[in-house]
Amino acid sequence: MVQAKASAADAKSQLAKAEADFKRNQDLYAKHLISDSDFVTATTAYGSAQASDKNAVANIQRAEGSLSQAQDQLTKTVIYSPIDGTVSSLSNEVGERVAGTGSSAAPK
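Residues numbered from 1 in each chain as written. Predicted model: local features only at pLDDT ≥ 70, side-chain atom pairs only at ≥ 80, totals over all residues. Heavy atoms only, no water.

**Student:** Please clarify how the packing of aromatic side chains should be interpreted in this entry.
**Tutor:** Ring pairs (aromatic) are described by centroid distance and by the angle formed between their planes. Under the criterion given, the structure shown has 3 aromatic pairs. A centroid spacing of 5.0 Å and a plane angle of 10° characterise the contact between Phe-22 and Tyr-46, whose relative ring orientation is stacked. One end of the pair, Phe-22, is in helix H1 (residues 2-30); the other, Tyr-46, is in helix H2 (residues 36-75), with 24 residues separating them in the sequence. By the burial criterion, Phe-22 is buried, and Tyr-46 matches it. Note on Tyr-29 and Phe-39: the rings are 4.4 Å apart at their centroids and 10° apart in plane angle, and the pair reads as stacked. On the criterion of sequence distance, the pair formed by Tyr-29 in helix H1 and Phe-39 in helix H2 is long-range, its members being 10 residues apart. The class for Phe-39 is buried, based on a relative accessible area of 17%. (Phe/Tyr/Trp six-rings, centres within 6.5 Å; stacked < 30°, edge-to-face > 60°. Helix = DSSP H or I, 4+ residues; strand = E, 2+ residues; numbered from the N terminus. Buried < 20%, exposed > 50% of the residue type's maximum accessible area, 1.4 Å probe, protein only.)

Okay, structure coming up:
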């Protein structure tokens, strides 16, 4: 989600620059100081920046939705032991690998 927010911030800054360039070029075009090609380029860049900004916002919403779904699934998760009983002793230390079988002998 952090990456999506960083991309959105970048898209927002690019949109602000494209908007400023567009407004400047629009004024220049109205005064016949730039060519049609330059104005079309500025207009296209502005439209592209708007689309990128909307895409970045959508990516944040998608990431938030995925996070919400994962949190919902976590709240519904229950871990059950296959057997009842009490642990009377631990022969292994934290971080040590143990066999996942029903045997009582663990690798050393």
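Further notes follow.
**Student:** Could you clarify how one ought to interpret the nonpolar core in this entry?
**Tutor:** Within soluble globular proteins, side chains that are nonpolar generally end up buried alongside one another. Judged by nonpolar contacts, Leu-15, Ala-18, Phe-22, Ile-34, Phe-39, Tyr-46 and Ala-49 together constitute the single largest core of 7 residues. Those elements that place two or more of their residues in this core are H1 and H2. Discounting chain neighbours no more than four positions away, the residues touching Ala-18 are Ala-45, Tyr-46 and Ala-49. By size, the runner-up hydrophobic cluster in this structure holds 5 residues, among which are Ala-4, Ala-8, Ala-56 and Ile-60. (Core = buried A, V, L, I, M, F, W, Y, C linked by side-chain atoms within 4.5 Å. Contact = heavy atoms within 4.5 Å.)

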